[in-house]
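Inside the fold
Each chain is listed here by its residues.
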Amino acid sequence: MATKSVKGPSMIETFQEFKETKNIDRTTLVSVLEESFRNVIAKMFGSDENYDVIVNPDKGDFEIHRNRIVVADGEVQDENKEISLTEAQKIEPDYEVGEEVSEEVEFAKFGRRAILNLRQTLASKILELEHDSLYNKYKDKVGQVVSAEVYQMWKREVLLIDDEGNELHLPKQEQIPADNYHKGETVRAIVKEVQNENNNPRIILSRTSPQFLERLLEAEVPEIQDGLITIRRIARMPGERAKVAVESYDDRIDPVGACVGVKGSRVHGIVREMCNENIDVINYSSNMQLFIQRALSPAKVTSITLNPEEHKAEVYLQPEEVSLAIGKGGLNIKLASMLTEYTIDVFRVVNEGEADEDIYLDEFSDEIDQWIIDAIKAIGLDTAKAVLNAPREMLIEKADLEEETVDHLLEVLRAEFE
């Protein structure tokens, strides 16, 4: 029996919406279309088992055939599955009782409600498939660098679009402070996480993650790709400064030199990518004293006292080295602490004989308010020399004092020894 495809206007629209569906392969799409038709048929007739559905999404057409068994006139009990001999012979005159009749059904004749039902079922299933596909695609990319185009900028996040039209989110806290975005420009970031609440994937990107710097270094330094150099630890203050600890398993390779490159050639591109974030590369060491010493570079350390149980280190330096160890705004010492995972306290080296001349802070109560003295004593400094040997920045931060207050305190104490 010859059949012809059914192409009602509303059905063409239905197919057109879904045949260009992104991220879904043809086989899956055919399966979803067929299942959607079957769902509608089952709702209408109670069963779809005696129907054949043939879908061609490329052309936007389909065929539905209903299979019924021929029974004697007057014995039809289920019109969906049985057909009387007389009705069957109108289709083909040589049909007999017990044979199967297959005839094409025009879906459009099922009515507007059936077509609407089909469209809703299709839309729901396609959306579900797209979400699954997006989730699986980016779940496997967590920790990898991706490039995407800036689509829209809001106060709290930037929306980016990948080359398949998927939405990616770059929240404010994952942006480097100096980042400045323009619609249409390409941005690189690492896939931080893929949220999937209620099967609605949300891809979160990051440019502030230490892993972003790690991936950029891996891309620039062949020795890291080849496994000859390992990045052991990274500490970042995004957009300002970073410290990277590297290690080589080959004595012939200088890991720091290999990562930096000739005249900094290998890190130049990374520094630009990260808004001129300065990158310090140091040699990793399992010897914690040596590691802390390297982490505080460019300062030269005189001696270190470790407390491994509490992960604390007291570092002693010559007076001229203290400001280098602390760095502008305390940045160097903060990064060194993050990198080594030790709380680092910096002290000036006291020359021999100076300790004999020390004076207890309480003796300055006529020149310094008692609450200031108490605040300084609360951080473990009881004498004038102890305060003078402690870094100014540490006094401000740990004693929680204003800069002017600390400067006045230091001025009074210095005057005593001059």
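This report concerns the structure included in the present document. Along each chain, residues carry numbers from 1 onward, in the same order as the chain's sequence is written. Residues qualify for local features only when their pLDDT is at least 70, as the model is predicted, and side-chain atom pairs are given and counted only at 80 or more; totals for whole chains, interfaces and linings, by contrast, use all residues. For side-chain calculations, the full set of non-hydrogen atoms in the structure is used, while hydrogens and water are omitted.

1. Brief notes about the packing of aromatic side chains
Only Phe, Tyr and Trp rings are paired, with Trp represented by its six-membered ring, and only when their centres lie within 6.5 Å; those with planes under 30 degrees apart are stacked, over 60 edge-to-face, the remainder tilted. Applying the stated criterion across every chain, the model contains 2 aromatic pairs. Ring geometry for Tyr284 against Phe291: centres 5.0 Å apart, planes inclined by 65°, an arrangement best described as edge-to-face. Per-residue accessibility, obtained with a 1.4 Å probe over protein chains only, is compared with the maximum for each type, and a residue is labelled buried under 20%, exposed over 50%, and partly exposed between these values. For Tyr284, a relative accessible area of 15% gives the class buried. For the pair Tyr316 and Phe347, a centre-to-centre distance of 5.4 Å together with 25° between the ring planes defines the contact as stacked. A residue pair is termed long-range when its members are at least 10 positions apart, and Tyr316 in strand β14 (residues 312–317) and Phe347 in strand β15 (residues 343–348) qualify at 31 residues. In DSSP terms, a helix is any run of H or I states spanning at least four residues, a strand is any run of E spanning at least two, and both are numbered starting from the N terminus.

2. Some thoughts on the packing of helix α2 (residues 26–45) against helix α4 (residues 112–139)
Simply put, an axis is a line fit to the C-alpha atoms, just over the touching stretch for a helix, and the angle between two N-to-C directions goes from 0 to 180 degrees. Contact geometry for α2 and α4: axes closest at 9 Å, N-to-C directions at 140°. Here α2 is positioned oblique relative to α4, judged by the angle of their axes. Considering how the two elements wind past one another, α2 and α4 form a crossing that is right-handed. Here Thr28, Leu29, Val32, Leu33, Glu35, Ser36, Phe37, Asn39, Val40, Lys43 and Met44 of α2 come into contact with α4, specifically with Ala114, Asn117, Leu118, Thr121, Leu122, Lys125, Ile126 and Leu129. When residue character is reported, Ala, Val, Leu, Ile, Met, Phe, Trp, Tyr, Cys and Pro are called nonpolar, Asp, Glu, Lys and Arg charged, and the others, Gly included, polar. In terms of residue class, the contact of α2 with α4 is built from 11 nonpolar, 5 polar and 3 charged. In this scheme, roughly parallel covers angles under 35 degrees and roughly antiparallel covers those over 145, while 65 to 115 is roughly perpendicular and the rest are oblique. Working rule for handedness: look at the near helix, and if it is turned counterclockwise from the far one by less than a right angle, call the crossing left-handed; if clockwise, right-handed. Two residues qualify as a contact provided that any one of their heavy atoms is within 4.5 Å of a heavy atom in the partner residue.

3. Thoughts on the pairing of strand β6 (residues 157–161)
Burial runs high along β6: 5 of the 5 residues are buried. Taking every second residue as pointing to the same face, both faces of β6 are buried, with Glu157, Leu159 and Ile161 on one and Val158 and Leu160 on the other. Direction of pairing for strand β5 (residues 145–153) relative to β6: antiparallel, over a ladder of 4 bridges. Across the sheet, residue Met153 finds its bridge partner in β6, namely Val158. Between the antiparallel neighbours β5 and β6 lie 3 residues. Here 5 bridges tie β6 to strand β7 (residues 167–171), and the two strands are oriented antiparallel to one another. Residue pairing in the sheet places Leu160 in a bridge with Leu168 of β7. Taken together, β6 and the strand that follows it, β7, pair antiparallel across an intervening segment of 5 residues, in which Gly165 is found at a positive phi of about 85°. Only strands joined by at least two bridges in the DSSP assignment are considered to pair.

4. Brief notes about the pattern of salt bridges
In the sections that follow, a salt bridge refers to a side-chain nitrogen of Lys or Arg positioned within 4 Å of a carboxyl oxygen of Asp or Glu. One pass over the full model with this rule turns up 26 salt bridges. Here Glu214 and Arg215 are joined by a salt bridge, their closest N and O atoms 3.8 Å apart. The exposure class of Arg215 is partly exposed, given its relative accessible area of 24%. A single network of salt bridges, built from pairs that share partners, joins Asp179, Arg188, Arg207 and Glu273.

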